[in-house]
Structure formats: structure tokens, C-alpha cells
Amino acid sequence: MSAQQPDALPLPDYDQLPAGSVEHRIRPLRSGEVRQLLEYEQEHADRPQVEQILTARLDQLESGAEPSEGDPGAAGPDIPSDTPGSSPVSPASAAEPEEPLRHGKHEL
């Protein structure tokens, strides 16, 4: 098996996808693409849950299942979109640290 670049994979940002998202994102892929992801997974992250999902989908496709319609690279909740503004949170706007109240100690 050869090392592959993440850019050459059929799913963009594959390395950042949580295991739960992989199952839905691979539905439109063909068996060769799923096999490519499985080989990449085995060589890199080696997540048992993801390997099981990929293997099961590969078995389905080889048993006659058809890829579903959809764009595996479309933005979804697992791939955050760019935010138009900046966050108002910063170290300058953070609350001052306080000593927590302890048992037997109170403020007057």
C-alpha cells in the first residue's frame, strides 16, 4: 500500500471528519473510492469504528448496492463554514479570575 496525500482522497478534509460523519459521507462513493479510503484509514488513523463502516459499505457495494446521490464534499454540520464576523470573545473581554468560595469562608 502506498502513502496517499489527503488532497487526493475522494472526501475533502477526510482526516478531520468524525467517525459518525464518515458513514453518511461515503454513501455517494463508488467501491474503488471506498477502498481507497479504507486503505488510507488503515495506513494512518487506523480507527476501528471507521474501518468497520468502510468495510460494511464496501461489502454493500460489491453485493449490488448503488451509490446514492449527493455530494460527499458538500459542507455539513461536521465541516464548519467560515464565519463572516469575528468573535467578541478575547482575553481583554474575559472576566477577572476570582478565588472560589470555600467551605467555611464567605464574603461580608
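Residues numbered from 1 in each chain as written. Predicted model: local features only at pLDDT ≥ 70, side-chain atom pairs only at ≥ 80, totals over all residues. Heavy atoms only, no water.

### Side note on the packing of aromatic side chains
- Taken as a whole, this structure holds 1 aromatic pair when the rule is applied.
- Ring centres of Tyr14 and Tyr40 lie 5.9 Å apart, and the angle between their planes is 75 degrees; this geometry places the pair in the edge-to-face category. Placement of the pair is Tyr14 in the segment before helix H1 (19-25) and Tyr40 in helix H2 (residues 31-43), with a sequence separation of 26 residues.
- Overall, Tyr14 belongs to the buried group, its relative accessible area being 1%.
- The ring of Tyr14 has Arg47 sitting right over it, with the charged end atom 5.8 Å from the ring centre. (Phe/Tyr/Trp six-rings, centres within 6.5 Å; stacked < 30°, edge-to-face > 60°. Helix = DSSP H or I, 4+ residues; strand = E, 2+ residues; numbered from the N terminus. Buried < 20%, exposed > 50% of the residue type's maximum accessible area, 1.4 Å probe, protein only. Lys NZ or Arg CZ within 6 Å of the ring centre and 35° of its normal.)

### Some points on unusual backbone geometry
- In this model, Asp13 sits at a positive phi of 55 degrees, which is unusual for a non-glycine residue.
- With respect to the element layout, Asp13 can be found in the segment before H1.
- Given a relative accessible area of 43%, Asp13 falls into the partly exposed group.
- A positive phi angle, close to 55 degrees, is found at Asp46, a residue other than glycine.

### Some thoughts on the nonpolar core
- In terms of nonpolar packing, the biggest core is built from 17 residues, with Leu11, Tyr14, Val22, Ile26, Leu37 and Leu54 touching the most fellow members.
- In terms of residue count, the dominant contributor to this core is helix H3 (residues 48-62) (5 residues).
- Not counting residues within four places of it along the chain, the set of residues in contact with Ile26 comprises Leu11, Val34, Leu37, Ile53, Leu54 and Arg57. (Core = buried A, V, L, I, M, F, W, Y, C linked by side-chain atoms within 4.5 Å. Contact = heavy atoms within 4.5 Å.)

### Here's the deal with the environment of Leu11
- Topologically, Leu11 is positioned in the segment before H1.
- Accessibility expressed as a relative area gives 0% for Leu11, which makes it buried.
- When near neighbours in sequence (up to four residues on either side) are disregarded, Leu11 contacts Leu17, Arg25, Ile26, Leu29, Leu37 and Pro72.

### Digging into the pattern of salt bridges
- Following the criterion strictly, the structure yields 2 salt bridges and no others.
- As a salt-bridge pair, Glu41 and Arg47 come within 3.0 Å of each other at their nearest N and O atoms.
- According to the relative accessible area criterion, Arg47 is partly exposed, its value standing at 21%. (Salt bridge = Lys/Arg side-chain N within 4 Å of Asp/Glu carboxyl O.)

### Details of H3
- Relative to the 21 Å expected for 15 residues at 1.5 Å per residue, H3 spans 21 Å between its end C-alpha atoms, a close match to the ideal helical length.
- Listing the buried residues of H3 in full gives Val50, Glu51, Ile53, Leu54, Arg57, Leu58 and Leu61. End-on view of H3: buried residues confined to an arc of 160 degrees, all on one side of the axis. For H3, the exposed residues lying more than 90 degrees away from the buried face are Pro48 and Gln52.
- As for H3, its buried residues are in contact with H1 and H2. (Expected span 1.5 Å × (residues − 1). Arc of directions from axis to C-beta.)

### Focus on the side chain of Arg57
- The topology assignment puts Arg57 in helix H3.
- In this structure Arg57 is buried but unpaired, with Glu66 as the nearest side chain of opposite charge at 8.3 Å.
- Polar contacts involving the side chain of Arg57 include one to the side chain of Gln60, which spans 2.9 Å.
- A polar atom in the side chain of Arg57 sits 3.5 Å from the backbone oxygen of Glu66.
- Excluding residues that lie within four positions of it along the chain, Arg57 makes contacts with Ile26, Arg27, Val34, Ala65, Glu66, Pro67 and Ser68. (Lys, Arg positive; Asp, Glu negative; His and termini not counted. Polar contact = N/O pair within 3.5 Å; in protein donor to acceptor, adjacent residues only side chain to side chain.)

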